[in-house]
Amino acid sequence: MISASDLRLTFGKGTPLENPALRGMSLTVNQGEFVTVIGSNGAGKSTFLNALAGEVLVDSGEIIVDNTDVTKLPTHKRANRVARVFQDPLAGTCEGLSIEENLALAIKRGQRRGLTTAVKKQYMEKFRESLSSLKLGLENRLGDKMGLLSGGQRQAVSLLMASLTPSSILLLDEHTAALDPKTAAFVLELTQKIIEEQKLTALMVTHSMKQALEVGSRTVMLHQGQVVFDIAGQEREGLEVKDLLGLFEKQRGLSVDDDSLLLG
Amino acid sequence: MLSEIAFYGAVETGLIYGLVAFGIYISFRVLDFPDLTVDGSFPLGAAVAAILIINGWNPWIATGAAVLAGMAAGAVTAILNVKLNILNLLASILTMIALYSVNLRVMGRPNVALLTEDTVLTPWYDLGLAYHQVPVVLFILVVIVAFILLWRFMKSETGLAMRATGANARMARAQGIATGGMIILGVALSNGLVGLAGALFAQSQGAADVTMGVGVIVIGLASLIGGEAVITPSSVVRALLACVFGAIIYRLAIAFALNADVLGLQAQDLNLITAVLVTLAIVLPGVRTSVMGKLSRKKA
Ligand SMILES: Nc1ncnc2c1ncn2[C@@H]1O[C@H](COP(=O)(O)OP(=O)(O)OP(=O)(O)O)[C@@H](O)[C@H]1O
Ligand SMILES: [Mg+2]
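What you are looking at is a predicted structure, and each value in this text was computed from that prediction instead of being measured. (Residues numbered from 1 in each chain as written. Chains lettered and ligands numbered in written order. Predicted model: local features only at pLDDT ≥ 70, side-chain atom pairs only at ≥ 80, totals over all residues. Heavy atoms only, no water.)

Novice: Describe in detail the UniProt feature "transmembrane region" (unreviewed entry) in chain B, supporting the description with residues and values.
Specialist: Residue and element names in this part refer to chain B. UniProt tags residues 6-26, 60-80, 87-108, 128-153, 174-201, 207-227, 239-258 and 270-291 as "transmembrane region" (unreviewed entry). As annotated, residues 6-26 has a helix share of 100% and a strand share of 0%, and its two end C-alpha atoms lie 30 Å apart. What you have in residues 60-80 is 100% helix and 0% strand, and the ends, taken at the C-alpha atoms, are 31 Å apart. (UniProt positions renumbered as here; feature names shortened; annotations may be inferred. Helix = DSSP H or I, 4+ residues; strand = E, 2+ residues; numbered from the N terminus.)

Novice: Quick rundown of unusual backbone geometry? Include the residues and the values.
Specialist: Residues apart from glycine generally show negative phi values, whereas peptide bonds are mostly found in trans. All names here are of chain A. Even without glycine at this site, Asp6 takes up a positive phi of about 50°. Along the chain, the position of Asp6 falls in strand β1 (residues 2-11). Phi at Asp66 is positive, roughly 45°, even though this residue is not glycine. Counting through the fold element by element, Asp66 comes out in the loop between β4 (60-65) and β5 (68-69).

Novice: So what's going on with the site of ligand 1? Which residues, and what values?
Specialist: Residue and element names in this part refer to chain A. The immediate surroundings of ligand 1 are formed by 13 residues, with Asn19, Asn41, Lys45, Ser46 and Thr47 found nearest. Between ligand 1 and Ser46 there is a distance of 2.7 Å, counted from an oxygen atom to a side-chain nitrogen or oxygen. Burial of ligand 1 by the surrounding chains reaches 60%, relative to a free accessible area of 630 Å². Put simply, the parts of the chain that give the shell around ligand 1 at least two residues each are β2 (19-29) and α1 (45-53). Ranked by residue count, the leading element in the shell around ligand 1 is α1, at 3 residues. Considering only residue class, the shell around ligand 1 consists of 3 nonpolar, 8 polar and 2 charged. (Near = heavy atom within 4 Å. Polar contact = N/O pair within 3.5 Å; in protein donor to acceptor, adjacent residues only side chain to side chain. Areas by Shrake-Rupley, 256 points an atom, 1.4 Å probe, with all protein chains shown as cover. Nonpolar A, V, L, I, M, F, W, Y, C, P; charged D, E, K, R; others polar.)

Novice: Any details on the UniProt feature "domain: ABC transporter" (unreviewed entry) in chain A? Residues and values, ideally.
Specialist: Sites flagged by UniProt as "domain: ABC transporter" (unreviewed entry) map to residues 2-249 of chain A. Spanning residues 2-249 of chain A, this segment combines 33% helix with 24% strand, and its end C-alpha atoms are found 28 Å apart.

Novice: Describe the interface of chain B and chain A, listing the residues and the values that go with them.
Specialist: Each side of the interface is counted separately: chain B has 21 residues, and chain A has 32 residues. Roughly 2,200 Å² is buried in total at the junction of chain B and chain A, and carbon and sulfur atoms are behind 56% of that figure. One can count 5 salt bridges joining chain B with chain A. With a closest N to O distance of 3.1 Å, B:Arg163 and A:Glu101 form a salt bridge. The interface formed by chain B and chain A contains 14 residue pairs in polar contact (both at pLDDT 80 or more). (Contact = heavy atoms within 4.5 Å. Buried area = accessible area lost by both parts, 1.4 Å probe. Salt bridge = Lys/Arg side-chain N within 4 Å of Asp/Glu carboxyl O.)

Novice: For the pattern of salt bridges, give the residues involved together with the corresponding values.
Specialist: Across all of its chains, the model carries 13 salt bridges over all chains by this definition. For A:Glu101, the salt bridge identified is with B:Lys155, shortest N-O distance 3.7 Å. Placement of A:Glu101 in helix α3 (residues 99-107) and of B:Lys155 in helix α5 (residues 134-155) is noted, with the two residues assigned to different chains. Relative accessible area serves as the criterion here: at 8%, A:Glu101 is assigned to the buried category. Relative accessible area serves as the criterion here: at 28%, B:Lys155 is assigned to the partly exposed category. Ionic contacts of the salt-bridge type, sharing partners, join the residues A:Glu33, A:Arg218 and A:Asp230 into one network. (Buried < 20%, exposed > 50% of the residue type's maximum accessible area, 1.4 Å probe, protein only.)

Novice: Can you lay out the sheet that holds strand β10 (residues 226-232) of chain A for me, pointing to particular residues and giving the numbers?
Specialist: All names here are of chain A. One open sheet accounts for 6 strands, arranged β6-β7-β8-β3-β9-β10; its pairing is mixed. Here the strands that pair on one side only, and so sit at the sheet edges, are β6 (82-85) and β10. Geometrically, the sheet is characterised by an average inter-axis angle of 20° between neighbouring strands, direction not taken into account. Sheet analysis places strand β3 (residues 34-38) next to strand β9 (residues 218-223), joined by 4 bridges and oriented parallel. Following the sheet pairing, Val35 is matched in β9 by Arg218. Each of β3, β6, β7 (169-173), β8 (202-205) and β9 touches α1; the most contacted strand, β7, lies at about 150° to it. Sheet strands touched by helix α5 (residues 151-162): β6 and β7. Its angle to β6, the strand with the most contacts, is close to 175°. (Pairing = 2+ DSSP bridges. Axes fitted to C-alpha atoms, helices over the stretch in contact; angles between N-to-C directions.)

Novice: Talk me through the packing of helix α1 (residues 4-30) of chain B against helix α9 (residues 216-230) of chain B; I want residue IDs and the actual numbers.
Specialist: All names here are of chain B. Where α1 meets α9, the closest approach of the two axes is 8 Å, and the angle between their N-to-C directions is 80°. On the basis of the axis angle, α1 is roughly perpendicular to α9. Seen from α1, the contacting residues are Tyr17, Val20, Ala21, Ile24, Tyr25, Phe28 and Arg29; seen from α9, they are Val216, Ile217, Ile219, Gly220, Leu221, Ser223, Leu224, Ile225 and Glu228. Among the residues making up the contact of α1 with α9, the classes are represented as 12 nonpolar, 2 polar and 2 charged. (Parallel < 35°, antiparallel > 145°, perpendicular 65-115°, else oblique.)

This is the structure:
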């Protein structure tokens, strides 16, 4: 279980560019939940995910992951609990390292690293097996440099890397946004499959309201650094994009004129 | 043509610069950390080894102490960068400048002669080799050992974490790697190798001198870049081979150039030539993309 309560974070405090990105953001995600997150540009979605991962430290509030207060921990000390896939397909892997080296880095996520060989023989079967589940033929290219792979292939491998070891939460920040529609659909499908098979707890940011409703078990909308609505279960079933917009207007008492919300 | 003695001399210095190039490979290539500490840690290694040797220490222990001193210098640079957020290049310049004073303090004077002392080379002169071959044989062994250790390290879990730190720090952090710690370890390791090079250089030249570090970084870089042009560094082994061969080729080339009277070059022109060569290597368009990516391109 992961629980964020009353997170506040202001960028550029005390400068003319002061920008309150999180303004009392609270969200609890239960074990096994797959939450989709929507919101307009600048709503604070990425900042929230970065705060959960430790890439930014919040000014106030509390982040609890599996009964441990991680609010003040830097990224690398949370990595044993938090897995993530970035929007940029180049960001989640090292292009200069081989596929097997990237996987070997990931299989040790959040654990001590010693002086034994990183790419161990006993990992190979697991690497091959998980790569072959992608059906991209990568299981025969373990020694190839990551940089030789296409964006979609790299994103698929990033996803594998994030799920190679158990985590308390998997953070996905628009991880299909940089891909062409066909590849995006493939990676999304893969995401669903992995999350379902491994019963992962996940938080996925998307710009597509349609996708947000179709995927996962719960949908949260952020606006100005806060949750404006949070729907799950029966309430969410059969809901359409226009209902979401209505919901947003009702909650906020204002109209949505941001085109980015309507994408997809 | 080169005389045999000049040839062995060039190879001997080339081997020492091979160690320097290993160090520069770790900082510039693995960590993407432009580190100029080298110009101070090279004479530091020489100074520490020399002063301990004239005080009667075993030369190998003195050399080990030089490695530790180099590592400490590197750690200072990295800590200035990681903990105090000083720009990496500037942090290394600060340490380099500070080391000039430290080196004078260590030696108590601008230079220390070792000609009459026992050094790591002394026992090897009894093996029946020609005088000028001895350092080459010993340094080849040292370079081989350093090569193997470094190669194994880069393939280890920690070494892989270090490579990830330099290649993609955000990804490394997300994998639970303490990137700050990796930078400190790597830059320390790098300068430890340079300290070793300085210690061996002092012992083979028979003296340590505060000014002997001037331009070491540029010569080391020239070796690295030259080596990479000959041996594409597509794997760790190839990158390390490039360091050694680059350094030896570079030294031989310099020896030939100085030897050829027609060119009218003198030893004091060395740094200028090196700087020009490194500049050319960085700006030549063909070389830029393949070899020099990391030095000419701004970080994304
Ligand atoms: N490192 C930073 N420094 C300063 N301001 C930042 C930083 N990161 C984000 N912001 C600001 O914080 C606000 C929230 O940004 P954030 O990236 O979280 O939005 P988002 O919901 O992810 O938007 P998008 O849909 O465009 O990705 C924005 O106004 C943004 O400009
Ligand atoms: Mg975002």
